[in-house]
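Here are the chains, one letter per residue:
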Amino acid sequence: MAQAYSALGSTVTLLEAAERLLTREEPFAGEQLHEALVERGVDVRVGVEARAVRRDGASVTVDLSDGERVEATKSWWRLGVVPGPTIWASKPSASSRESRLPSMTRCVCRGLPWLYAIGDVNERWLLTHIAKYQAHVACEVIDGGQARATRDGGGAPRVVFTDPQVAAVGLTLQAAKDQRLNARAYDVLSSATAGAGFYGRDTPGTSRLVVDEDRGVIVGATFTGTDVADWLHAATIALVGEIPVERLWEAVPAFPTRSEIWLNLLEKRETELAREHDEAPVLIEQVRRATLALTQAAAAISEDRMLVPDRLATSLRHLLVIYVIAGRLDGGPATRSRHGDQR
Ligand SMILES: Cc1cc2nc3c(=O)[nH]c(=O)nc-3n(C[C@H](O)[C@H](O)[C@H](O)COP(=O)(O)OP(=O)(O)OC[C@H]3O[C@@H](n4cnc5c(N)ncnc54)[C@H](O)[C@@H]3O)c2cc1C
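Worth saying up front: this structure is predicted, and the values here are computed from it rather than measured. (Residues numbered from 1 in each chain as written. Predicted model: local features only at pLDDT ≥ 70, side-chain atom pairs only at ≥ 80, totals over all residues.)

### Let's talk about the overall build of the protein chain
Then step 1. Along the protein chain, the regular secondary structure elements total 9 helices and 12 strands.
Then step 2. Counting only residues that meet the buried cut, the protein chain has 25% of its 343 residues in that class.
Then step 3. When contacts within the protein chain are restricted to residue pairs at least 6 apart in sequence, those whose partners lie at least 24 apart make up 55%. (Helix = DSSP H or I, 4+ residues; strand = E, 2+ residues; numbered from the N terminus. Buried ≥ 20, exposed ≤ 12 C-beta atoms within 10 Å, placed from the backbone. Contact = placed C-beta atoms within 7 Å.)

Structure representation (structure tokens):
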């Protein structure tokens, strides 16, 4: 809405309590949106909370946690949605927030097997398509079917309709790492295809795939840029179908469409993995340097104790580089080539 109002000519101040915009998405998504808003003239303030709001005649004043004060003619709040208490009034054990929630997969309320909760009311993921998905599951379950809602968690497909648009499905890189996946991210410019020329050369935006390299499948995708929302479904199919990334080479995108972004992403992954193959000589050199540094540290112990921490720090630095490179060269799926052969 900040972007819409500023586009219509209003002077807009956007307050965000978190340290960045779109905290659930990849950091670059929030950063690019932040930049776009500032470019449009929006006063974006992150890491700041509203402490008090009052209306005085035609103006609204908001006191902020950093001691600043914002004055405006209108204020618009988006603070989240919580179901009203009346809907749960008949529930016996409604004391804790957790106990109010329906079971995760069948849309049935805990302790109330005759009551189904679909959509925003179950607080799973507040989106129209998720409500529709859960409605489908609930109908199947009521009909005696075995359907389960498993795709309505935090990784559900989502689009922020700003300019640049932010479209994402699955996990961010950080979320994947938090789940202890052997996850790697591959980024390309969203405008780096011939088809993108129809939308303006060098328009800002990033496309990222997050790949679980142990399984060789996509676990997350994020696209930012102009009109990227419809790119999302291809990523959703690849993710839900757990299609091996190597297999995606067979899904040839037509030239000159913006779908060639998939080609760019696959090439980026292949290039990065291939580059690591060439890191073996670097590894040998690092081993040589670390050995030298350790020898010097040992010599320093007998000569000049002041030099010991310095020399040890140098050798540790070399050892760290060796550890990182050796981890990448460890013959895991991360080193698999397009044709499936292992180093
Ligand atoms: C500004 C805004 C923009 C959004 N944009 C998007 C978007 O772009 N894409 C997207 O996927 N989602 C978007 N959403 C979220 C989306 O609107 C909701 O996730 C979706 O509407 C949820 O559907 P629902 O049927 O669960 O709830 P609702 O659509 O809220 O329907 C619930 C209905 O129940 C009625 N009701 C409430 N209490 C009672 C009662 N006691 N008795 C009888 N009736 C009652 C309400 O009046 C309402 O009509 C947006 C939401 C907002 C607020």
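### Side note on the sheet that holds strand β12 (residues 217-225)
Then step 1. Taking strand neighbours across the sheet as the criterion, the 5 strands line up as β8-β9-β12-β11-β10 in an open arrangement whose pairing is antiparallel. Both outer strands of the open sheet, β8 (158-160) and β10 (183-189), are each paired with one neighbouring strand and no more. The mean angle between the axes of side-by-side strands here comes to 15°, regardless of whether they run parallel or antiparallel.
Then step 2. Summarising the sheet, strand β11 (residues 206-212) and β12 pair through 6 bridges and their orientation is antiparallel. Looking across to β12, one finds that Val211 is bridged to Ile218.
Then step 3. The sheet contacts of helix α2 (residues 27-39) involve β9 (165-170), β11 and β12, and relative to β12 the element is tilted by about 5°.
Then step 4. Running at roughly 130° to β10, helix α7 (residues 261-277) makes contact with β10 and β11 of the sheet. (Pairing = 2+ DSSP bridges. Axes fitted to C-alpha atoms, helices over the stretch in contact; angles between N-to-C directions.)

### Re the site of the ligand
Then step 1. Of all residues adjacent to the ligand, which total 9 residues, the nearest are Gly119, Asp120, Leu127, Thr128 and Ala131.
Then step 2. A breakdown of the residues in the shell around the ligand according to their chemical character gives 4 nonpolar, 4 polar and 1 charged. (Near = placed C-beta within 6 Å. Nonpolar A, V, L, I, M, F, W, Y, C, P; charged D, E, K, R; others polar.)

### Overview of the pairing of β12
Then step 1. Of all 9 residues making up β12, 8 are buried, and the element is well covered by its neighbours.
Then step 2. In the sheet, β9 pairs with β12 via 6 bridges, with the strands oriented antiparallel. Bridge assignment links Val169 to a residue of β12, and that residue is Ala221.
Then step 3. Between β11 and β12, which follow one another and run antiparallel, lie 4 residues, and Gly216 among them has a positive phi close to 70°.

### Thoughts on the sheet that holds strand β5 (residues 69-72)
Then step 1. If you trace the 3 strands from one edge of the open sheet to the other, you get β3-β4-β5, paired in antiparallel fashion. A strand with exactly one partner marks an edge of an open sheet, and here the two such strands are β3 (50-56) and β5. Going across the sheet, the axis of each strand differs from the next one's by a mean of 15°, ignoring polarity.
Then step 2. The pairing of β3 with strand β4 (residues 59-64) spans 6 bridges and is antiparallel. Its bridge partner lying in β4, Ala52 is registered against Asp63.

### With respect to the confidence of the model for the protein chain
Any residue range with low pLDDT should be treated as having predicted coordinates unsuitable for detailed reading.
Then step 1. Scored by pLDDT, the protein chain comes out at a mean of 84, with 80% of its residues at no less than 70.
Then step 2. In the predicted structure, residues 89-99 sits below a pLDDT of 50 and forms 10 contacts with residues beyond four places in sequence or in another chain.
Then step 3. Residue range residues 331-343 is modelled with pLDDT below 50. Its contacts to residues more than four positions away, or to other chains, number 24 contacts. (pLDDT = per-residue confidence, 0-100.)

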